[in-house]
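Given next are the chains, with one letter for each unit.
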Amino acid sequence: MSWIILFIAGLLEIVWAVGLKYTHGFTRLTPSIITISAMIVSMGMLSYAMKGLPAGTAYAIWTGIGAVGTAIFGILVFGESANIYRLLSLAMIIFGIIGLKLAS
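Residues numbered from 1 in each chain as written. Predicted model: local features only at pLDDT ≥ 70, side-chain atom pairs only at ≥ 80, totals over all residues. Heavy atoms only, no water.

The subject of this paragraph is the side chain of Thr35. Mapped onto the secondary structure, Thr35 falls in helix α2 (residues 29-49). Engagement of the side chain of Thr35 in a polar contact is seen with the backbone oxygen of Gly19, the distance being 3.3 Å. Residues in contact with Thr35, not counting those within four places in the same chain, are Trp16, Gly19, Leu20, Thr23 and Phe26. (Helix = DSSP H or I, 4+ residues; strand = E, 2+ residues; numbered from the N terminus. Polar contact = N/O pair within 3.5 Å; in protein donor to acceptor, adjacent residues only side chain to side chain. Contact = heavy atoms within 4.5 Å.)

Okay, the nonpolar core next. Within the largest apolar cluster, 16 residues are counted, with the highest numbers of intra-cluster contacts made by Leu6 and Trp62. The element that contributes the greatest number of residues to this core is helix α1 (residues 2-23), accounting for six residues. Excluding its chain neighbours within four sequence positions, the residues that come into contact with Leu6 are Leu46, Ala49, Leu53, Ala58, Ile61, Trp62 and Ile65. (Core = buried A, V, L, I, M, F, W, Y, C linked by side-chain atoms within 4.5 Å. Buried < 20%, exposed > 50% of the residue type's maximum accessible area, 1.4 Å probe, protein only.)

This part takes up the packing of aromatic side chains. By convention here, two paired aromatic rings are described through the distance between centres and the angle between planes. Applying the stated criterion across every chain, the model contains three aromatic pairs. Seen in terms of ring centroids, Tyr22 and Phe78 are 5.8 Å apart; in terms of plane orientation they differ by 45°. Their pairing is tilted. With Tyr22 in helix α1 and Phe78 in the loop between α3 (55-77) and α4 (84-103), the pair connects residues that are 56 residues apart, well separated along the chain. By relative accessible area, which is 36% here, Tyr22 ends up partly exposed. Here the aromatic rings of Tyr59 and Trp62 are separated by 5.7 Å at their centres, their planes lie at 45°, and the arrangement is tilted. Remark: Trp62 and Tyr59 occur in helix α3; sequence separation between them is three residues, near one turn of the helix. Of the residues examined, Tyr59 reaches a relative accessible area of 45% and is grouped as partly exposed. Among the residues examined, Trp62 registers a relative accessible area of 5% and is labelled buried. Among the aromatic residues, those joined into a ring-pair cluster are Tyr22, Phe73 and Phe78. The ring of Phe78 is capped by Lys21, whose NZ or CZ atom sits 5.2 Å from the centre of that ring. (Phe/Tyr/Trp six-rings, centres within 6.5 Å; stacked < 30°, edge-to-face > 60°. Lys NZ or Arg CZ within 6 Å of the ring centre and 35° of its normal.)

What follows is the structure in structure tokens.
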């Protein structure tokens, strides 16, 4: 169950990371409320998942999901670069996440 909660927390990290762009420095109310809510729930779920998982593993996987998801969102929605070096770097993060999961 801790792994499922951690995965959802990572997805919410993507929501708040992308949401930061839409807040325009927290000057737009609705995106700001969504972003802050996602931050709180994501961190709360991370904390709960850490009750059953090693802290370093849980935190690394949480940030990895957020980093990879946000980068992919940026490529698909914001038209950010998808060059081979960036994609290989994202693949290395994904392999690292898988490795941490397998090692736990």
